[in-house]
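One-letter residues, chain by chain:
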Amino acid sequence: MTQTSRPIAAAPPAPDRHPWIPAWLERVPGIGRLAVTLLNDPRVRYLLAGGITAVISYAYFSGLFLLVGHHVHYLVTLTVANFLTTVTAYPIYQHGVYQARQGGFAQFLRFYATCLWALVFGLVTMPLLVEVAGAPVLLAQGIVIVVFPLINYPLQRRWAFGGGRR
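Residues numbered from 1 in each chain as written. Predicted model: local features only at pLDDT ≥ 70, side-chain atom pairs only at ≥ 80, totals over all residues. Heavy atoms only, no water.

**Q** Quick question: what am I supposed to make of a nonpolar patch on the surface here?
**A** Taken together, the side chains of Val76, Val80, Phe83, Leu84 and Val87 make up a nonpolar region of the molecular surface, amounting to roughly 380 Å² of accessible area. Checked against the element boundaries, Val87 lands in helix α3 (residues 74–97). (Patch = residues over 30% accessible without salt bridge, like charges linked within 9 Å, V, L, I, M, F, W, Y side chains within 5 Å. Areas by Shrake-Rupley, 256 points an atom, 1.4 Å probe, with all protein chains shown as cover. Salt bridge = Lys/Arg side-chain N within 4 Å of Asp/Glu carboxyl O. Helix = DSSP H or I, 4+ residues; strand = E, 2+ residues; numbered from the N terminus.)

**Q** Explain the packing of aromatic side chains to me, please; I cannot follow it from the model alone.
**A** We describe a pair of aromatic rings using the distance from one ring centre to the other and the angle between the two ring planes. Under the criterion given, the structure shown has eight aromatic pairs. Ring plane angle 90° and centroid distance 5.3 Å describe the contact between Tyr90 and Phe108, whose orientation is recorded as edge-to-face. Of the two residues, Tyr90 sits in helix α3 while Phe108 sits in helix α4 (residues 104–132), which places them 18 residues apart along the sequence. Overall, Tyr90 belongs to the buried group, its relative accessible area being 11%. Through pairs of rings, three or more aromatic residues link up here, namely Tyr46, Phe83, Tyr90, Tyr93, Phe105, Phe108, Phe111 and Tyr112. (Phe/Tyr/Trp six-rings, centres within 6.5 Å; stacked < 30°, edge-to-face > 60°. Buried < 20%, exposed > 50% of the residue type's maximum accessible area, 1.4 Å probe, protein only.)

**Q** In this structure, what is going on with α4? I would like to understand it.
**A** Three- or four-residue spacings in an α-helix give side chains the same orientation, since the helix completes a turn every 3.6 residues. With 29 residues, α4 extends 42 Å between its outermost C-alpha atoms, agreeing within 8% with the 42 Å of an ideal straight helix rising 1.5 Å per residue. The positive-phi residue at the C-terminal boundary of α4 is Gly134, with phi of around 80°. (Expected span 1.5 Å × (residues − 1).)

**Q** What exactly am I supposed to notice about the confidence of the model for the protein chain here?
**A** Caution applies to low-pLDDT regions: their predicted coordinates should not be interpreted in detail. On average, residues of the protein chain score 81 in pLDDT, and 79% of them are at 70 or above. No element of the protein chain has a lower mean pLDDT than helix α5 (residues 137–160), which averages 76, and none a higher one than α3, which averages 92. (pLDDT = per-residue confidence, 0-100.)

**Q** Looking at this structure, I do not really get the nonpolar core. What am I missing?
**A** Within soluble globular proteins, side chains that are nonpolar generally end up buried alongside one another. In terms of nonpolar packing, the biggest core is built from 14 residues, with Tyr46, Ala49, Tyr93, Val97, Tyr98 and Phe111 touching the most fellow members. Mapped onto this core, the elements with two or more residues apiece are α2 (42–68), α3 and α4. Residue contributions to this core peak at five residues, all from α3. Counting residues in each nonpolar core, the second largest holds 12 residues, with Phe61, Leu119, Ala135 and Ala140 among its members. (Core = buried A, V, L, I, M, F, W, Y, C linked by side-chain atoms within 4.5 Å.)

**Q** What should I look at first to understand the environment of Thr53 in this one?
**A** Within the secondary structure layout, Thr53 lies in helix α2. The sequence separation of Thr53 and Ile145 amounts to 92 residues, and the corresponding C-alpha distance is 9.1 Å. Residue contacts for Thr53: discarding those within four places in its chain leaves Thr85, Ala89 and Tyr93. Separated by 3.3 Å, the side chains of Thr53 and Tyr93 make a polar contact. (Contact = heavy atoms within 4.5 Å. Polar contact = N/O pair within 3.5 Å; in protein donor to acceptor, adjacent residues only side chain to side chain.)

See the structure below:
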């Protein structure tokens, strides 16, 4: 009687990695696989991109405010900073979060429209924090920036980038 051995099961393939996740990360003992799994989730990438975008936005706003704040109203500064942030953040969200195909100018306009909702929120909330509550402008902007990603996520995922992946 010969004993037949069961074939050795092949190791499961490595999960598809987002193109921006380095291959070596999987080989890091302990947390490598977990990091790859988390970074493959577009919601996690969105939170990371939101944090990066918040820092960029705050840098634009505070830099402009400190440079021209004594000549220009802070809401004008907010509007300019929003535009600069949108232009800077678009490729981060397009490629880093949603892996969206090249959508051309129309896709950028949809992305910008989602950022306009955040701008409108800021134009309403900033005066309430500054004029009514008496918060310093830079603190008020910091508070408002934290809420921007929460407003934009569903709009960007469903409309601006259509949830599509490459």
